[in-house]
Structures are given as structure tokens and as C-alpha cells.
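A structural walkthrough
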Amino acid sequence: MKSILPIGLLLLLFSSNTLLAQWSNDPANPLLLSTAPDNQNKPVIITDNNEGNFVFWLDKRSGITNVYGQHLDKMGNQLWESNGKLIVESPIDIWDVNAVLNNEGNILLAWYRQSDTLFVQKYDSDATPLWPTPTKVAGDDATLTNTFWGPVGSVAMLVNGDGCFLAYNLTG
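Summarised in this report is the structure supplied together with it. (Residues numbered from 1 in each chain as written. Predicted model: local features only at pLDDT ≥ 70, side-chain atom pairs only at ≥ 80, totals over all residues. Heavy atoms only, no water.)

1. Considering the pairing of strand β2 (residues 53–59)
The buried fraction of β2 amounts to six of the seven residues, a majority that puts the element mostly inside the structure. In this sheet, β2 lies alongside strand β1 (residues 40–47) in antiparallel orientation, the contact comprising six bridges. Bridge assignment links V44 to a residue of β2, and that residue is F56. The turn linking β1 back onto β2 is made up of five residues, and N49 within it adopts a positive phi angle of 60°. (Buried < 20%, exposed > 50% of the residue type's maximum accessible area, 1.4 Å probe, protein only. Helix = DSSP H or I, 4+ residues; strand = E, 2+ residues; numbered from the N terminus. Pairing = 2+ DSSP bridges.)

2. Quick notes on the pattern of salt bridges
Where side chains of opposite charge bring their charged atoms close, a pairing between them can arise. Under the criterion given, the structure shown has four salt bridges. Measuring nitrogen to oxygen at the nearest pair gives 3.8 Å for the salt bridge that ties K74 to E51. In this pair, K74 is assigned in the loop between β3 (66–72) and β4 (85–88) and E51 in the loop between β1 and β2, connecting sequence segments 23 residues apart. With relative accessibility at 62%, the residue E51 sits in the exposed group. (Salt bridge = Lys/Arg side-chain N within 4 Å of Asp/Glu carboxyl O.)

3. Comments concerning the sheet that holds β3
Strand-to-strand pairing in sheets goes through backbone hydrogen bonds, with the strands running parallel or antiparallel. Taken in spatial order, the four strands of this open sheet run β1-β2-β3-β4, and their pairing is antiparallel. Strand pairing shows two members of the sheet lacking a second neighbour, β1 and β4, which therefore form its edges. The average undirected angle you get between the axes of adjacent strands in this sheet is 30°. As defined by bridge partners, β2 adjoins β3 across seven bridges and the pair is classed as antiparallel. Considered in β3, the bridge of L58 is made with V67. (Axes fitted to C-alpha atoms, helices over the stretch in contact; angles between N-to-C directions.)

4. Section: the packing of aromatic side chains
Under the defined criterion, the tally for this structure stands at four aromatic pairs. Here the aromatic rings of F54 and W80 are separated by 5.8 Å at their centres, their planes lie at 35°, and the arrangement is tilted. Pair noted here: F54 is in strand β2 and W80 is in the loop between β3 and β4, with a separation of 26 residues, a long-range link. With a relative accessible area of 1%, F54 lands in the buried category. Put simply, the rings of F54, F56 and W80 pair up and form one aromatic cluster. Directly above the ring of Y68 sits R61, whose terminal nitrogen or CZ lies 3.8 Å from the centroid. The ring of W80 carries K85 above its face, with NZ or CZ at 5.4 Å from the centroid. (Phe/Tyr/Trp six-rings, centres within 6.5 Å; stacked < 30°, edge-to-face > 60°. Lys NZ or Arg CZ within 6 Å of the ring centre and 35° of its normal.)

This is the structure:
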């Protein structure tokens, strides 16, 4: 009887963790990161190096396309506010977004605005900006283009130590 009790408690412990999981195996009932109105698209997912993930997406809930994000733990629990946290608020539509996690564990997020301007900002794991202002990588005197979408800059990123390489199309 004494050996059954510890095994029973162990099973209860593991089954309770399963009950708390947010990941769904049912395609008809997926984990929704946002149920906000209007258009959410172009999701980008990166690891948090702690068995969880950061997800960023373009979101037009305010009438202008901004960047929202969510931090998920390994069980699929949302660690930031419901429907996502506003990460980048822009006066004009943002058309593309990408992200990497650098070797320091910080997020480098790049976004391309409708005005042909590419920015990068460094964030901590709570999505608090670590630079006073975003860094303008390209814009004003050049036009970023994507051969499929016209003036939409598709941004590619690759981590390099505490920084990253950015690749984008440039004409003009």
C-alpha cells in the first residue's frame, strides 16, 4: 500500500500538468492567439530558448497595421496579454515583419513600413524596447521592393552573435 501512494501522487502530478496545457490536438479547436477584429496575418515564430516561443504578426485591429506579439510557454500558455501585446505602433501601415532571438536572449524585430522604411528594434523577453528608438536600416532615399508585391519589402534575418544580418530588396 505504501508503494502505491507515491506512484498515485506522481500520476496525479503528471495528469494535472496535462490538464493545464493550452496546446490543442483538435484542428477544429486550435490555440487562438488573437480574436481581435479585422485582419491578422504574416505570423513569425521564434524560440525563446526555454522550450517556449515568441510569435509576432501584423494586425489591423486599430485601422492601421501594427505589430502584435505573444509569448507562449512550453505548455502553450499565453504569457502576455490576451489577444497579443502591441509591440510596434506605427502612424502608417506596416507591411512586413520578421524576428530573431540573439545570443543574449533578446529579440531583434525588423519591420517594413508602407513608406518604404525598414526599422529594427531590440527587445527583452517581455517585449520592452532596449534601444531608445528603433534603428532605421533603409528608407527615405531608396525604395525597398519585392518582385511579387511591388513596394513591399520582404525582410529576411539571420542571427549573428548579439546582432543579425538583414536581407531585403533595394531599388531606386
